[in-house]
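# Observations on chain architecture
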Amino acid sequence: MEYNLADLFESVVDAVPDREALVHLDHPGTGAERRLTYAELDAAANRIAHHLLDAGVRHGEHVGLQLYNGVEYLQTVLGCLKARMVPVNVNYRYVEEELAYLYRDADLAALVFDAEFTGRVAAAAPKAETLRHLVRVGPAAPAAPATPDAPAAPYPECAAFAEAEAAGSPERDFGARSADDLFIIYTGGTTGMPKGVMWRQEDLFFAGLGGGAPTGEPVLRPEELAERVAAGGDGITFFPTPPLMHGTSTLTAFIGFHFGQRVVLHRKFAPHEVLRTIEREKVTSVSLVGDAMLRPLIDALNGPLRGTDLSSLFSVSSSGAIMSETVREQFTALAPHVTLLNNFGSSESGFNGTATDDAGARNGFRLRVNARTRVVDPVTHDPVPVGEPGRIAQRGHVPLGYYNDPVKTAETFFRRDGERWVLLGDMATVDADGVVTVLGRGSQCINTGGEKVYPEEVEQALKSHPDVYDALVAGVPDARWGNHVAAVVELRAGAARPSLGDIQDHCRGRLAGYKIPRQLVVTDRVQRSPSGKADYRWARATATAAARLPDAPRPQDDPAPLGEPEPPHA
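Quick summary incoming for the structure in this document. (Residues numbered from 1 in each chain as written. Predicted model: local features only at pLDDT ≥ 70, side-chain atom pairs only at ≥ 80, totals over all residues. Heavy atoms only, no water.)

## Here's the deal with the overall build of the protein
Broken down by element type, the protein carries 16 helices and 27 strands. Relative to its length of 570 residues, the protein is compact, with a C-alpha radius of gyration of 24 Å against a globular reference of 25 Å. Projected onto the principal axes, the alpha-carbon positions of the protein cover approximately 70 × 55 × 55 Å. Pairs at least 24 residues apart make up 69% of the contacts formed inside the protein by residues separated by at least 6 positions. (Helix = DSSP H or I, 4+ residues; strand = E, 2+ residues; numbered from the N terminus. Rg over C-alpha atoms; globule rule 2.2 N^0.38 Å. Contact = heavy atoms within 4.5 Å.)

## A look at the pairing of strand β18 (residues 390–395)
The side chains of a regular strand alternate between the sheet's two faces. Here four bridges tie strand β17 (residues 373–376) to β18, and the two strands are oriented antiparallel to one another. The residue bridging arginine 374 from the neighbouring strand is alanine 393, located in β18. With five bridges connecting them, β18 and strand β21 (residues 419–430) associate as antiparallel partners. Residue pairing in the sheet places alanine 393 in a bridge with leucine 423 of β21. (Pairing = 2+ DSSP bridges.)

## Let's talk about the nonpolar core
Leu5, Tyr103 and Leu111 are the most contacted members of the largest nonpolar core, which totals 104 residues. Aside from chain neighbours lying at most four places away, what touches tyrosine 103 is Gln66, Val90, Leu108, Leu111, Val121, Ala124, Ala125, Ala128 and Leu131. By size, the runner-up hydrophobic cluster in this structure holds 28 residues, among which are Leu275, Leu288, Met293 and Ala335. (Core = buried A, V, L, I, M, F, W, Y, C linked by side-chain atoms within 4.5 Å. Buried < 20%, exposed > 50% of the residue type's maximum accessible area, 1.4 Å probe, protein only.)

## Comments concerning the pattern of salt bridges
The final tally for this structure, using the stated rule, is 44 salt bridges. Across the pair arginine 228 and glutamate 224 runs a salt bridge, and its minimum N-O distance is 2.9 Å. Of this pair, arginine 228 and glutamate 224 are both found in helix α8 (residues 222–231), four residues apart, which corresponds to roughly one turn of the helix. Across the pair arginine 276 and glutamate 273 runs a salt bridge whose closest N-O atoms are separated by 2.9 Å. In this pair, arginine 276 and glutamate 273 both sit in helix α10 (residues 271–281), three residues apart, roughly one turn of the helix. The structure contains a network of salt bridges with shared partners spanning Asp7, Glu10, Asp14, Asp42, Lys82, Arg172 and Arg177. (Salt bridge = Lys/Arg side-chain N within 4 Å of Asp/Glu carboxyl O.)

## Here's the deal with the sheet that holds strand β25 (residues 468–478)
If you trace the three strands from one edge of the open sheet to the other, you get β25-β26-β27, paired in mixed fashion. The open sheet has two edge strands with one neighbour each: β25 and β27 (519–522). Between one strand axis and the next, the sheet turns by 25 degrees as a mean value, whatever way the strands run. In this structure, β25 lies alongside strand β26 (residues 482–491), joined through ten bridges in antiparallel fashion. Considered in β26, the bridge of aspartate 470 is made with glutamate 490. Contacts between helix α14 (residues 455–463) and the sheet are confined to β25 and β26, with β25 contributing the most and set at about 140 degrees to the helix. (Axes fitted to C-alpha atoms, helices over the stretch in contact; angles between N-to-C directions.)

## Topic: the packing of aromatic side chains
One pass over the structure, following the stated rule, counts 14 aromatic pairs. Judged by centre distance (5.5 Å) and plane angle (25 degrees), the ring pair of tyrosine 3 and phenylalanine 205 falls under stacked. Note that tyrosine 3 is positioned in the segment before α1 (5–15) and phenylalanine 205 in helix α7 (residues 201–207), a separation of 202 residues in sequence. Grouping residues by exposure puts tyrosine 3 and phenylalanine 205 together as buried. Taken together, the ring pairs in this structure connect Phe9, Tyr38, Phe254 and Phe257 into an aromatic cluster. Sitting over the ring of tyrosine 402, lysine 195 keeps its end group 5.6 Å from the ring centre. Positioned above the aromatic ring of tyrosine 469, the side-chain terminus of arginine 295 is 5.4 Å from the ring centre. (Phe/Tyr/Trp six-rings, centres within 6.5 Å; stacked < 30°, edge-to-face > 60°. Lys NZ or Arg CZ within 6 Å of the ring centre and 35° of its normal.)

## As for the packing of α1 against helix α2 (residues 38–54)
Contact geometry for α1 and α2: axes closest at 9 Å, N-to-C directions at 140 degrees. Judged on the interaxial angle alone, α2 and α1 are oblique. Where α1 crosses over α2, the two elements pack in a sense that is left-handed. Here Phe9, Glu10, Val12 and Val13 of α1 lie close against α2, whose contacting residues are Tyr38, Ala39, Leu41 and Asp42. Split by residue class, the contact of α1 with α2 holds six nonpolar, no polar and two charged. (Parallel < 35°, antiparallel > 145°, perpendicular 65-115°, else oblique. Left-handed = near helix turned anticlockwise from the far one by under 90°. Nonpolar A, V, L, I, M, F, W, Y, C, P; charged D, E, K, R; others polar.)

What follows is the structure, encoded as structure tokens:
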């Protein structure tokens with residue numbers, strides 16, 4: 001047995017076959033649900049694996065998953081791993097051209113998709129030469145009229161998932177597997193086209209799944225995982241609320257499986273239903289993405305769902321976006337017994353560390369990182385001195401590179417002292433105690449008057465304003481400063497519209513003068529991905545368009561002058 005994810009899952013199944021593994025609750029209020037034991041989930045995965053094999057998909061070929069959350073998603077991922085196929089996540093928000101690019105770039109041989117996306121699949125699939133087998137989840141939908149998003153196209157021939165599952169063999173007759181088998185996570189990031197991060201399964205097991213024990217000691221042998229499950233009890237319920245199409249949620253589900261515990265899913269994120277499920281299913285651990293998901297839960301607890309029983313809940317963790325200090329305080333007032341964890345990681349590195357208790361608008365996003373994480377000079381790759389900015393890097397169990405992109409692979413992955421390293425896009429400093437302060441993504445850094453401003457730091461300060469519900473920060477071209485800092489904010493319901501001066505006054509005690517926004521754009525809704533990640537391209541375009549309006553005040557002539565930017569650091 002090796003550190004292969006299918007082997008590891010099957011070993012857990014054999015240890016606790018009758019324990020409940022997966023619960024899918026279809027909200028709102030339909031009462032529809034599906035509950036599978038470990039043995040039932042194992043057989044279901046075997047069935048879809050055999051269907052793909054019978055359809056001609058072979059070892060090493062890539063299978064796309066363009067699905068909402070559900071049993072079918074995790075069942076297909078497990079089926080691919082069992083048959084030594086490579087699962088590839090597909091962002092279901094993508095439109096035709098983006099889908100066609102990803103299908104081609106990933107060399108998909110097969111695609112499993114939800115019926116709601118049939119029109120987009122029909123338009124994009126013919127543009128991908130390698131894509132030869134389609135499986136539709138749900139009943140066929142009537143042909144939709146042409147739209148700019150999904151032009152009319154003949155619906156493709158495809159297999160129905162329910163029929164494919166019913167016809168597939170439930171047996172585990174797949175042969176030996178390898179720790180070198182691949183798992184690809186496509187990441188869109190904030191700029192550029194999506195990139196496929198290629199993980200060896202052994203590396204992903206240790207870097208992204210904690211070696212079977214994210215909060216304890218990793219296993220020393222593959223067989224030890226099932227031994228721990230057999231020796232332990234049950235009673236833990238993991239609830240990944242973001243879309244499984246983002247790597248973090250799928251990895252959270254696998255962490256639950258590796259503990260031999262239960263995983264609960266909703267098709268889509270709905271705050272009221274999330275809270276009802278926590279109460280009903282006695283959820284112990286919720287994962288989400290930043291304020292965009294935690295704030296609606298707070299609003300519901302302060303309103304129609306006041307008094308919801310959260311006594312089972314032990315932890316709420318966030319990856320991909322931080323829970324701001326203000327929002328953490330609001331949730332803690334409602335559920336003081338719950339531990340809030342701001343985790344830091346990426347599709348390229350897995351888990352890097354967790355924020356300190358004092359991380360926030362005043363102190364910055366401070367992390368206690370694992371032993372494999374360093375802050376290095378992006379050119380020499382040497383560790384940076386205390387207090388000097390560099391880029392976060394990780395060594396050891398890191399990906400092999402980006403699929404079909406040798407140039408980007410060479411820019412991001414390197415070898416040093418006989419080990420593989422990955423250089424992340426996040427700028428940071430490190431103090432004498434080894435605590436890392438994340439400054440932000442280098443690609444989003446705003447250069448204003450020679451000073452560097454990282455949006456995440458300014459966003460933390462903005463979110464602590466009592467009238468601001470959500471905020472993104474972007475740089476807008478400026479004749480005087482090169483770029484100025486612009487805040488795009490969504491206000492709380494019923495809040496009075498603050499002036500730029502109000503926002504600036506609020507930020508003065510929290511930020512250096514050059515970091516304070518010189519432009520304020522109020523929008524009905526801050527745009528984020530389904531998982532809550534920031535859409536900085538949208539924020540930049542929104543702020544730039546607002547700055548060009550005929551009646552827009554010139555940022556350098558704002559009603560609360562900030563003075564000259566501080567001189568650049570030596």
